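# Report on the structure
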Amino acid sequence: QVQLVESGGGLVPPGGSLSLSCAMSGRTFNSGAMGWFRQAPGKEREFVAAISWSRTEYYADSAKGRHTISKETAKNSVTLQMNSLNIDDTGVYYCAAGPRSITSTRRSARGYDYWGQGTQVTVSS
């Protein structure tokens with residue numbers, strides 16, 4: 001059974017930085033991608049960033065230039081380094097694994113089969 005566990009959320013002031021980590025256990029994939037999605041109160045879950053197993057990176061326009069996604073294959077983990085955070089970055093961040101995802105689906109929730117429980121990120125002064 002695949003399990004994804006996120007960590008690293010918290011409260012940060014505008015302009016601050018935060019690093020989110022996601023550890024996957026239960027299986028090892030060598031295809032598809034892992035990604036991060038955010039869900040703000042009253043809004044739909046939206047794509048933030050993803051990284052394929054060949055290390056191609058994908059970013060939402062709002063994340064490009066501010067956030068960086070990386071992965072450690074040996075640890076089966078993915079990290080999202082978030083910088084220059086603003087209030088719009090507030091929400092629950094979910095890690096997702098999509099072993100069957102292809103380029104056209106990596107920015108969509110439908111491209112992912114496994115999800116973590118989420119970690120809260122609050123940007124506030």
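For the structure, see preceding data.
Being a predicted model, the structure only gives us computed values, none of them experimental.

Definitions and limits used
Residues numbered from 1 in each chain as written. Predicted model: local features only at pLDDT ≥ 70, side-chain atom pairs only at ≥ 80, totals over all residues. Heavy atoms only, no water. Buried < 20%, exposed > 50% of the residue type's maximum accessible area, 1.4 Å probe, protein only. Helix = DSSP H or I, 4+ residues; strand = E, 2+ residues; numbered from the N terminus. Pairing = 2+ DSSP bridges. Disulfide = S-S within 2.5 Å. Phe/Tyr/Trp six-rings, centres within 6.5 Å; stacked < 30°, edge-to-face > 60°. Lys NZ or Arg CZ within 6 Å of the ring centre and 35° of its normal. Salt bridge = Lys/Arg side-chain N within 4 Å of Asp/Glu carboxyl O.

## Examining the pairing of strand S1 (residues 3-7)
- Burial along S1 is one-sided: Leu4 and Glu6 are buried, and none of Gln3, Val5 and Ser7, which face the opposite way, are.
- Pairing of S1 with strand S3 (residues 18-25) involves 5 bridges; the strand directions are antiparallel. The residue of S3 that forms the bridge with Ser7 is Ser21.

## Describing the state of the cysteines
- Counted by the stated rule, this structure contains 1 disulfide.
- Disulfide pairing places Cys22 opposite Cys95 at an S-S distance of 2.0 Å. When the S-S torsion is -80°, as for the bridge of Cys22 with Cys95, the disulfide is left-handed. Pair noted here: Cys22 is in strand S3 and Cys95 is in strand S9 (residues 91-98), with a separation of 73 residues, a long-range link.
- Here Cys95 falls in the buried class, since its relative accessible area comes to 0%.

## Concerning the environment of Ile87
- The residue Ile87 is located in the loop between strand S8 (77-82) and S9 in this model.
- When the C-alpha positions of Ile87 and Ala109 are compared, they lie 23 Å apart, and in sequence the two are 22 residues distant.

## Remarks on the packing of aromatic side chains
- The final tally for this structure, using the stated rule, is 5 aromatic pairs.
- Ring geometry for Phe37 and Phe47: centres 5.6 Å apart, planes at 70°, overall edge-to-face. Taken together, the residues Phe37 in strand S4 (residues 33-39) and Phe47 in strand S5 (residues 46-52) connect sequence positions 10 residues apart. The same class applies to Phe37 as to Phe47, namely buried.
- Taken together through their ring pairs, the aromatic side chains of Phe37, Phe47, Tyr112 and Trp115 make up a single cluster.
- The ring centre of Tyr94 lies 3.7 Å from the NZ or CZ of Arg45, which sits over that ring.

## Looking at the pattern of salt bridges
- Applying the stated criterion across every chain yields a total of 6 salt bridges.
- Where Asp89 meets Arg38, a salt bridge forms, and the shortest distance between an N and an O atom there is 3.8 Å. Separated by 51 residues along the polypeptide, Asp89 in the loop between S8 and S9 and Arg38 in strand S4 bring together distant segments of the chain. For the pair formed by Asp89 and Arg38, the shared burial category is buried.
- Between Lys64 and Asp61 there is a salt bridge, and its shortest N-O distance comes to 3.5 Å. Across the pair, Asp61 and Lys64 agree in class, each one exposed.
- In this structure, a network of salt bridges that share partners links the residues Arg38, Glu46, Arg66 and Asp89.

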